[in-house]
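# Chains, contacts and geometry: an overview
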Amino acid sequence: MAGRQRFGLCVDSTGRLAVTCDGQDIAPDAIAAAWYWKVAGFRVADAERNVAKQLSMVNEIAQWNSSLWGLYLERLWLSSPSAVAVANQKLLQLVTARDVGFTIPRTVVGNDWDDIEAETAPDGSDIIVKMMRGVLADQNRLKGLYTTPLDRSAIEALKGSTIPFPGMFQPFLKKAREWRVTVVGDEVFPVAVHTDADARDDWRRMQNTPSVEFRVEPLPDGVADLCRAYLRRFSLRYGAFDLVEQPDGQVVFLECNPNGQHNWLEEKLGIPVADALAAELARTAEAD
């Protein structure tokens, strides 16, 4: 069918592996460098009417992909799938970020609202909730949860209808500006994110509106080195960092997406992330 790529894999009786895509040999011994980035899920024909079937197929394809990528040597990858899987663990991200020198927010996970309040904001200030993945399947609908602030009245309303687990809770951070920092190898591409009051909670939900402005600005001293050190801990050569700079100048680590988007920033601001990726892949191939 139009728009479909033809794929095939065969392991013969001698153990020889053959993998092709549209006639191109992509077996492990034919690859000099590889980038594992935004591997797409499989979409069934009736996905909107049968979300359970769609999620089951995505899980099955994910297991299949994991089996396939394990056949390619670690040294071929810009960031290997196994390293990306480890680096996607949110709590490990926080612990590692603190270990390399970042400031991190106090983070609480639990199943009792009183404990969450006492541990996160004992002074009565606002807190925020976010999820590990941020996507929920409800009947035949997929729902997303952005970072959401909760004041005391909101928490009291929730106490009677739900428990806080498996949410992640942190104090609400005051922001002078936020940062999206894309790192490729040793190259660092910082973009400051300026928001108005409508987008202060999570700029992603309003990034295509006048409430959010992206600017190329110099990072505060030392932050670029912390980003590089963090990626080295996970054996990654690509990462997209989300940071908060508070009014007093302190920079706080929120997360690092080892598969983070960068295209929209290249289009808006002209930062040469794609060129840096191509150069890093070329270095990988030359070193093989």
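Look up a bit, the structure's there.
Read on for a plain summary of the structure. In this text the structure is predicted, and so the values were computed from the model without any measurement.

## Section: the nonpolar core
- Among the nonpolar cores identified, the biggest contains 36 residues, and Phe 102, Val 181, Tyr 230, Phe 241, Leu 243 and Phe 253 are the most heavily contacted of them.
- Secondary structure elements with two or more residues in this core: helix 2 (81-87), helix 3 (90-100), strand 9 (177-184), strand 10 (187-195), helix 6 (223-233), strand 12 (238-245) and strand 13 (251-257).
- Looking at which element gives the most residues to this core, the answer is helix 6, with 7 residues.
- Contacts of Leu 243, omitting those with residues within four sequence positions, involve Phe 102, Glu 178, Trp 179, Val 181, Val 223, Val 251, Val 252, Phe 253 and Leu 254.
- Leu 78, Val 193, Trp 203 and Leu 277 belong to the second-largest nonpolar core, a separate cluster that totals 16 residues.

## Observations concerning the sheet that holds strand 2 (residues 17-21)
- Across the sheet, 3 strands lie side by side as 1-2-3; this open sheet has antiparallel pairing. The sheet is open, and its two borders are formed by strand 1 (7-11) and strand 3 (24-25), each paired with just one other strand.
- Sheet analysis places strand 1 next to strand 2, joined by 5 bridges and oriented antiparallel. Across the sheet, Gly 8 pairs through a bridge with Thr 20, a residue of strand 2.

## Some points on the packing of aromatic side chains
- One pass over the structure, following the stated rule, counts 18 aromatic pairs.
- Summarising the aromatic geometry, the rings of Tyr 72 and Trp 77 are spaced 6.1 Å apart at their centres and angled 65 degrees between planes, so their arrangement reads as edge-to-face.
- Relative accessible area serves as the criterion here: at 8%, Tyr 72 is assigned to the buried category.
- Ring plane angle 55 degrees and centroid distance 5.1 Å describe the contact between Tyr 230 and Phe 234, whose orientation is recorded as tilted. Considered together, Tyr 230 and Phe 234 belong to a single accessibility category, that of buried residues.

## Comments concerning the sheet that holds strand 4 (residues 127-130)
- With antiparallel pairing, 3 strands are arranged side by side in an open sheet as 7-4-8. The open sheet terminates on both sides in strands that have one partner only, identified here as strand 7 (148-150) and strand 8 (168-171). Geometrically, the sheet is characterised by an average inter-axis angle of 35 degrees between neighbouring strands, direction not taken into account.

## Thoughts on the pairing of strand 12
- With 8 of its 8 residues buried, strand 12 lies for the most part within the structure.
- Side chains Tyr 238, Ala 240, Asp 242 and Val 244 project from strand 12 onto one buried face, and the interleaved Gly 239, Phe 241, Leu 243 and Glu 245 project onto a second face that is buried too.
- In this sheet, strand 12 lies alongside strand 9 in antiparallel orientation, the contact comprising 8 bridges. Bridge pairing in strand 12 places Val 183 opposite Gly 239.
- In this structure, strand 12 lies alongside strand 13, joined through 6 bridges in antiparallel fashion. Residue Ala 240 lies in a different strand from strand 13, and its bridge partner there is Asn 257.
- Counting the residues in the hairpin turn of strand 12 and strand 13 gives 5 residues, including Gly 249, whose phi is positive at 95 degrees.

## Some points on unusual backbone geometry
- That bond from Phe 165 to Pro 166 is cis: its omega, 10 degrees, falls within 30 degrees of zero.
- Even without glycine at this site, Asp 22 takes up a positive phi of about 50 degrees.
- Checked against the element boundaries, Asp 22 lands in the loop between strand 2 and strand 3.

Reading the values: rules and limits
Residues numbered from 1 in each chain as written. Predicted model: local features only at pLDDT ≥ 70, side-chain atom pairs only at ≥ 80, totals over all residues. Heavy atoms only, no water. Core = buried A, V, L, I, M, F, W, Y, C linked by side-chain atoms within 4.5 Å. Buried < 20%, exposed > 50% of the residue type's maximum accessible area, 1.4 Å probe, protein only. Helix = DSSP H or I, 4+ residues; strand = E, 2+ residues; numbered from the N terminus. Contact = heavy atoms within 4.5 Å. Pairing = 2+ DSSP bridges. Phe/Tyr/Trp six-rings, centres within 6.5 Å; stacked < 30°, edge-to-face > 60°. Axes fitted to C-alpha atoms, helices over the stretch in contact; angles between N-to-C directions.

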